[in-house]
Amino acid sequence: NAGVTQTPKFRVLKTGQSMTLLCAQDMNHEYMYWYRQDPGMGLRLIHYSVGEGTTAKGEVPDGYNVSRLKKQNFLLGLESAAPSQTSVYFCASSYSRRRGIGIEAFFGQGTRLTVV
Amino acid sequence: TQLLEQSPQFLSIQEGENLTVYCNSSSVFSSLQWYRQEPGEGPVLLVTVVTGGEVKKLKRLTFQFGDARKDSSLHITAAQPGDTGLYLCAGARGSNYKLTFGKGTLLTVNP
C-alpha cells in the first residue's frame, strides 16, 4: 500500500521555467491538499480539493495552479517559477470522520524545489 | 495572522525529563490533530481530539483538548531521544475541510 506518492522528489528550476508536481493517493480519499514548508513558517496551505473536479485556494495560492481531474491525483503547477517559490512541497490526502470533523491527513515524502 | 499558535517554538531537554507543548487559537475548532515530523519526511498523524475537555493517551504522550475547543496541549512523560522531532498541531473549523497548521515546536531530546 503506497499511500501518498509525490513526484519528483527533487528539482532545480531556473527563474521563469514551469513545472508540474504530481501527487497520487491510493486510499480513495476525498480531500487532497498542497502545502509548502519553509524554515520558521510551518506548513502553509497553497490549494486544496474536496473532491474530483473541485479546487479551492488556501493561504498562499499566488503563483500556483492546481487540477484534480481524477480522484486519486492532485497536480500542482508553477507557470513561471520565482526564487521565492524555493521550498519543500508536501501533498496530503485525508478523509473526514463526519462532515469535516476529525480530518486526518496522510502526507507524501515531499518535493524539494530550488528555483535559481 | 497565524490561526494556530504553538509554543514554545524550540525546546531542548535531557532524556527522562517531562515537557508540555501548547497549541492555542482565538477560534473554535471542530477538532484538532497533532502530527510529528522527522527530518526529510512528511508529518505523521499522532492523534485527533474532537470533544471539548477530551484527554487521550498514547503511551508516554498525553493530549488534551480545551473545554472551549480553542486550544490543545501535548505532554510527554520521561522523554526519550526517539521523541525528537517537529510537533505540529492542525485543525479545521466547523465543517470546513480547509486543514491549517501551526508553525510547530521543534523538540530535541538529548541522551
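So, how was this worked out
- Residues numbered from 1 in each chain as written.
- Chains lettered and ligands numbered in written order.
- Predicted model: local features only at pLDDT ≥ 70, side-chain atom pairs only at ≥ 80, totals over all residues.
- Heavy atoms only, no water.
- Helix = DSSP H or I, 4+ residues; strand = E, 2+ residues; numbered from the N terminus.
- Rg over C-alpha atoms; globule rule 2.2 N^0.38 Å.
- Buried < 20%, exposed > 50% of the residue type's maximum accessible area, 1.4 Å probe, protein only.
- Lys, Arg positive; Asp, Glu negative; His and termini not counted.
- Charge placed at Lys NZ, Arg CZ, Asp CG, Glu CD.
- Contact = heavy atoms within 4.5 Å.
- Buried area = accessible area lost by both parts, 1.4 Å probe.
- Salt bridge = Lys/Arg side-chain N within 4 Å of Asp/Glu carboxyl O.
- Polar contact = N/O pair within 3.5 Å; in protein donor to acceptor, adjacent residues only side chain to side chain.
- 1 Å grid on protein atoms, 1.4 Å probe; cavity = no way out; pocket = protein on both sides within 12 Å on 5 of 7 lines; lining within 4 Å.
- Points joined across faces, edges and corners; volume = space filled by probe spheres on them.
- Nonpolar A, V, L, I, M, F, W, Y, C, P; charged D, E, K, R; others polar.
- Disulfide = S-S within 2.5 Å.

**Q** Could you give me a rundown of the overall build of chain B, with the residues and numbers involved?
**A** In terms of regular secondary structure, chain B is built from zero helices and 11 strands. Secondary structure elements of chain B, listed N to C terminal, follow the sequence β-β-β-β-β-β-β-β-β-β-β. The C-alpha atoms of chain B give a radius of gyration of 13 Å, which matches the 13 Å a tight globule of 111 residues would have. When the backbone C-alpha atoms are referred to their principal axes, chain B occupies close to 45 × 30 × 20 Å. Going through the 111 residues of chain B one by one, you find that 43% of them count as buried. Computing the positive centroid from 10 side-chain charges and the negative centroid from 9, chain B places the two 8 Å apart.

**Q** Tell me about the interface of chain A and chain B, residues and numbers included.
**A** Listed by partner, the interface residues are 27 residues for chain A and 27 residues for chain B. Buried surface at the junction of chain A and chain B, both sides included, amounts to about 2,100 Å², of which 56% is carbon and sulfur. Where chain A meets chain B, there are zero salt bridges. Summed over the shared surface of chain A and chain B, the number is four residue pairs in polar contact (both at pLDDT 80 or more).

**Q** Help me get a handle on unusual backbone geometry, residues and values and all.
**A** Look at the link from Thr-7 of chain A to Pro-8 of chain A: it is a cis peptide, with omega at -5 degrees. Position of Pro-8 of chain A among the secondary structure elements: in the loop between strand S1 (4–7) and strand S2 (10–13). Residue Ser-7 of chain B is joined to Pro-8 of chain B through a cis peptide bond whose omega torsion reads -10 degrees. Counting through the fold element by element, Pro-8 of chain B comes out in the loop between strand S1 (5–7) and strand S2 (10–14).

**Q** Which residues make up the environment of Tyr-89 of chain A, and what values go with them?
**A** Mapped onto the fold, Tyr-89 of chain A is located in strand S9 (residues 87–95). In contact with Tyr-89 of chain A, other than residues within four places in its own chain, are Gln-6, Leu-21, Trp-34, Tyr-35, Arg-36, Ile-46, Tyr-64, Leu-76, Leu-78, Gly-110, Thr-111 and Leu-113 of chain A.

**Q** So what about the layout of surface pockets? Which residues, and what values?
**A** Considering only enclosed or pocket space, the largest pocket measures out at about 670 Å³ in volume. The wall of the largest pocket is formed by 29 residues, among which Gln-37 of chain A together with Gln-37, Pro-39, Gly-40 and Leu-86 of chain B lie closest to the centre. Here the lining of the largest pocket takes three residues from S9 of chain A, the largest share from any one element. Residue composition of the lining of the largest pocket, grouped by class: nine nonpolar, 14 polar and six charged.

**Q** I'd like a rundown of the state of the cysteines, residues and numbers included.
**A** Residues and elements named next belong to chain A. The full count for this structure, using the stated rule, is two disulfides over all chains. Disulfide pairing places Cys-23 opposite Cys-91 at an S-S distance of 1.9 Å. Handedness of the Cys-23-Cys-91 disulfide follows from its S-S torsion of about -75 degrees: it is left-handed. Taken together, the residues Cys-23 in strand S3 (residues 19–25) and Cys-91 in strand S9 connect sequence positions 68 residues apart. We note that Cys-23, like Cys-91, is buried.

Fair warning: the whole summary comes from geometry, so function is off the table for now.
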